[in-house]
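For reference, the chains in residue letters:
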Amino acid sequence: MRKKPRAAREARNFAPIPAQHTLSEIFSQPAAWRETSRQLEQRGMLEQLSKLFFPRSPWLFIACGSSYYLSQVVATLWTGQLQVSCSAVPASEFLFAPKETLRRTGAQRVALVSRSGETTEVLRAARLLEADRSIVTLGVTCNADSPLEKLCARTLKLTWANEKSTVMTRSFTSMLLAFEQLGAKVADDAELISALVGLPEKVEPWLEATAGKIQDFAGKRRFTDFVFLGQGAHYWMAQEAALKITEMSSSYAQAYHTLEFRHGPRAIASRDTLITFLLSEAAAEEETLLVSEMKELGAATFVVANHATKTLERASDLLIELRLDEPEFARLAPLAIPAQLLGAAVGLRKGLDPDTPKNLSRVVTLRRDGDDPAKRRGA
Ligand code: F1P
């Protein structure tokens with residue numbers, strides 16, 4: 001075969017390596033988590049922000065995309081941990097019914113979560129809230145200098161966790177950890193804080209081996225559909241997992257509460273459907289029964305569990321164990337990683353570049369700000 005001209009060969013050396021940013025950002029998560037704990041501790045951020053919780057009052061989270069799913073996970077955790085009502089809404093939902101949302105949630109504290117700090121819907125929500133003196137807003141972003149910061153009473157910035165890639169990976173898990181450490185501080189849960197701070201050392205050795213297993217699996221099998229199942233906070237982790245697969249590999253993915261899958265969606269089960277189970281402690285027995293049922297139906301099963309059982313080994317086409325002795329809430333950040341790795345592997349196998357996903361931009365900015373739907377409707 002004729003050798004390619006020198007220029008073409010050299011050009012290839014400068015062509016971006018697909019998923020270069022995404023993969024390095026996924027593998028950098030333990031380091032990003034270590035920096036998150038260090039910064040929070042060193043700057044006394046937990047101490048300062050914990051003052052926002054006195055008196056204890058309901059919290060509302062407002063965000064978009066992965067940041068919205070992150071907000072739902074934290075709202076679920078804080079409601080149980082802090083014995084206070086916490087809820088999350090997509091920024092667009094808030095914009096079309098701000099007064100009703102605030103009345104329904106009774107929120108006096110609002111966290112606006114945005115990796116970029118530039119998402120138009122989140123900024124519009126922040127502007128609406130700025131006018132309400134009874135509400136204190138906390139902006140959480142990975143941007144060092146964002147419009148969001150200028151609109152919020154307080155801002156927590158995790159600049160070290162920002163990504164070059166469009167898809168959120170380490171920003172998602174680092175902001176999650178920051179919220180978890182804040183909740184543990186307010187709940188005075190020293191065991192949870194130390195478990196969260198100790199995660200990087202435990203996860204670093206696990207990450208390489210896990211990546212290899214998932215890469216091999218994704219290289220051998222092709223799927224037309226992806227389903228992610230989870231109970232409780234894991235349901236929102238399943239939503240984030242589905243978004244990762246969709247963004248990184250332009251595949252269609254759906255998320256359900258695990259046991260809801262029997263009530264109709266199981267119609268999709270087949271050998272071309274990969275069903276991922278994010279097993280929970282509370283529902284493990286029931287969830288394991290469903291894994292076996294789906295295996296018998298001929299579906300491909302991917303189980304992420306803290307510890308495997310003989311039944312799970314028999315019923316899983318791919319089984320990833322976290323093997324962490326930390327409390328379940330401390331395992332949520334590593335629980336996000338298998339789907340990130342699967343998304344990157346499937347995207348690359350489809351010849352796509354997860355760094356720059358089809359049809360997506362790193363930040364969603366809408367038409368000029370004057371045309372704000374909430375203002376239009378006088379909501
Ligand atoms: C959130 C978001 C991401 C999505 C894409 C576009 O942005 O919707 O979830 O993956 O990157 O932006 P942000 O408000 O957190 O910056």
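The preceding data block contains the structure.
> Describe the side chain of Glu247, naming the residues involved and giving the relevant values.
Along the chain, the position of Glu247 falls in helix 13 (residues 233-249). Among all residues touching Glu247, those that are not within four sequence positions of it are Val167, Pro357 and Leu360.

> Pulling in residues and values, what's your account of unusual backbone geometry?
Pro55 follows Phe54 through a cis peptide bond whose omega is 0°. Within the secondary structure, Pro55 sits in the loop between helix 4 (45-50) and strand 1 (59-63). Here the phi dihedral of Ala19 falls at roughly 65°; this positive angle occurs in a residue that is not glycine. Residue position: Ala19 is located in the loop between helix 1 (6-14) and helix 2 (20-27).

> Summarise the nonpolar core; cite the residues concerned and give the values.
In this structure, Trp59, Phe61, Trp78, Leu158, Phe226, Phe228 and Leu342 are the most contacted members of the largest nonpolar core, which totals 90 residues. If sequence neighbours within four positions are ignored, Trp78 has contacts with Phe53, Trp59, Phe61, Gln83, Val84, Cys86, Phe179, Leu182 and Gly183. Core analysis: the next-biggest nonpolar cluster, separate from the first, contains 19 residues, Leu60, Ile62, Leu112 and Leu129 among them.

> Outline the environment of Leu243, supporting the account with residue identities and numerical values.
The residue Leu243 is located in helix 13 in this model. Using a relative accessible area of 21% as the deciding quantity, one classes Leu243 as partly exposed. Remark: the alpha-carbon pair of Leu243 and Tyr69, spanning 174 residues in sequence, is separated by 9.4 Å. Sequence-distant contacts of Leu243, that is, excluding residues within four places in its chain, are made with Gly65, Ser66 and Tyr69.

> Talk me through the site of the ligand; I want residue IDs and the actual numbers.
The environment of the ligand is formed by 13 residues, the closest being Ser66, Ser67, Ser116, Thr119 and Glu247. Between an oxygen atom of the ligand and a main-chain N or O atom of Arg362, the distance comes to 3.4 Å. Here the ligand, which alone exposes 390 Å², has 95% of that area covered by the protein. When residues in the shell around the ligand are grouped by element, the largest group, 3 residues, is from helix 5 (residues 65-82). Class assignment of the residues belonging to the shell around the ligand gives a composition of 2 nonpolar, 8 polar and 3 charged.

> Quick one: what's the story with the packing of helix 13 against helix 17 (residues 337-349), residue by residue and with numbers?
Two numbers describe how helix 13 lies on helix 17: the axes approach to 8 Å, and their chain directions differ by 20°. Of the possible angle classes, the one that applies to helix 13 and helix 17 is roughly parallel. Here the hand of the crossing between helix 13 and helix 17 comes out right-handed. Here Ala241, Lys244, Ile245, Met248 and Ser249 of helix 13 come into contact with helix 17, specifically with Ala339, Gln340, Leu342, Gly343, Ala344, Val346 and Gly347.

> Go over the packing of helix 5 against helix 10 (residues 170-186), please, and point to the residues and values.
Helix 10 packs onto helix 5 with a crossing angle of 15° between their chain directions and a minimal axis gap of 10 Å. In terms of their interaxial angle, helix 5 and helix 10 are classed as roughly parallel. As for the relative orientation of helix 5 and helix 10, their crossing is right-handed in sense. Here helix 5 contributes Ser66, Ser67, Tyr69, Leu70, Val73, Val74, Leu77, Trp78, Gln81 and Leu82 to the contact with helix 10, which in turn contributes Phe172, Met175, Leu176, Phe179, Glu180, Leu182, Gly183, Ala184 and Val186. Residue composition of the contact of helix 5 with helix 10, by class: 14 nonpolar, 4 polar and 1 charged.

> I'd like a description of helix 3 (residues 29-42), backed by residues and values.
Taking 1.5 Å of rise per residue, 14 residues should cover 20 Å, and helix 3 covers 20 Å from first to last C-alpha, within 8% of that figure. Among all positions in helix 3, only Gln29, Pro30, Ala32, Trp33, Thr36, Ser37, Gln39 and Leu40 are buried. Taken from the residues just after helix 3, Gly44 is the one with a positive phi, measuring 60°.

> Summarise the environment of Lys244; cite the residues concerned and give the values.
Mapped onto the secondary structure, Lys244 falls in helix 13. With a relative accessible area of 1%, Lys244 lands in the buried category. Put simply, Lys244 and Ser28 are 216 residues apart on the chain and 17 Å apart in space, counted from C-alpha to C-alpha. The contacts of Lys244, once residues within four sequence positions are left out, are Ser66, Val167, Met168, Ser249, Ala339 and Gln340.

> Now, about helix 11 (residues 190-197): what can you tell me, with residues and values included?
Taken together, the buried positions of helix 11 are Leu192, Ala195 and Leu196. Looking straight down helix 11, one finds that the buried residues subtend no more than 95° of arc, so they occupy a single side. Buried-residue contacts for helix 11 involve helix 5, helix 10 and helix 12 (199-220).

> Mind laying out the sheet that holds strand 7 (residues 252-257), listing which residues take part and the relevant values?
Here we have 5 strands laid out as an open sheet, ordered 7-6-8-9-10, and parallel in their pairing. A strand with exactly one partner marks an edge of an open sheet, and here the two such strands are strand 7 and strand 10 (318-321). Within this sheet the neighbouring strands show an average axis-to-axis angle of 15°, counted without direction. In the packing of helix 13 onto the sheet, the strands contacted are strand 6 (225-230), strand 7 and strand 8 (273-278), and the crossing angle to strand 7 comes to about 175°. Each of strand 6, strand 8, strand 9 (300-305) and strand 10 touches helix 17; the most contacted strand, strand 6, lies at about 175° to it.

Calculation notes
Residues numbered from 1 in each chain as written. Predicted model: local features only at pLDDT ≥ 70, side-chain atom pairs only at ≥ 80, totals over all residues. Heavy atoms only, no water. Helix = DSSP H or I, 4+ residues; strand = E, 2+ residues; numbered from the N terminus. Contact = heavy atoms within 4.5 Å. Core = buried A, V, L, I, M, F, W, Y, C linked by side-chain atoms within 4.5 Å. Buried < 20%, exposed > 50% of the residue type's maximum accessible area, 1.4 Å probe, protein only. Near = heavy atom within 4 Å. Polar contact = N/O pair within 3.5 Å; in protein donor to acceptor, adjacent residues only side chain to side chain. Areas by Shrake-Rupley, 256 points an atom, 1.4 Å probe, with all protein chains shown as cover. Nonpolar A, V, L, I, M, F, W, Y, C, P; charged D, E, K, R; others polar. Axes fitted to C-alpha atoms, helices over the stretch in contact; angles between N-to-C directions. Parallel < 35°, antiparallel > 145°, perpendicular 65-115°, else oblique. Left-handed = near helix turned anticlockwise from the far one by under 90°. Expected span 1.5 Å × (residues − 1). Arc of directions from axis to C-beta. Pairing = 2+ DSSP bridges.

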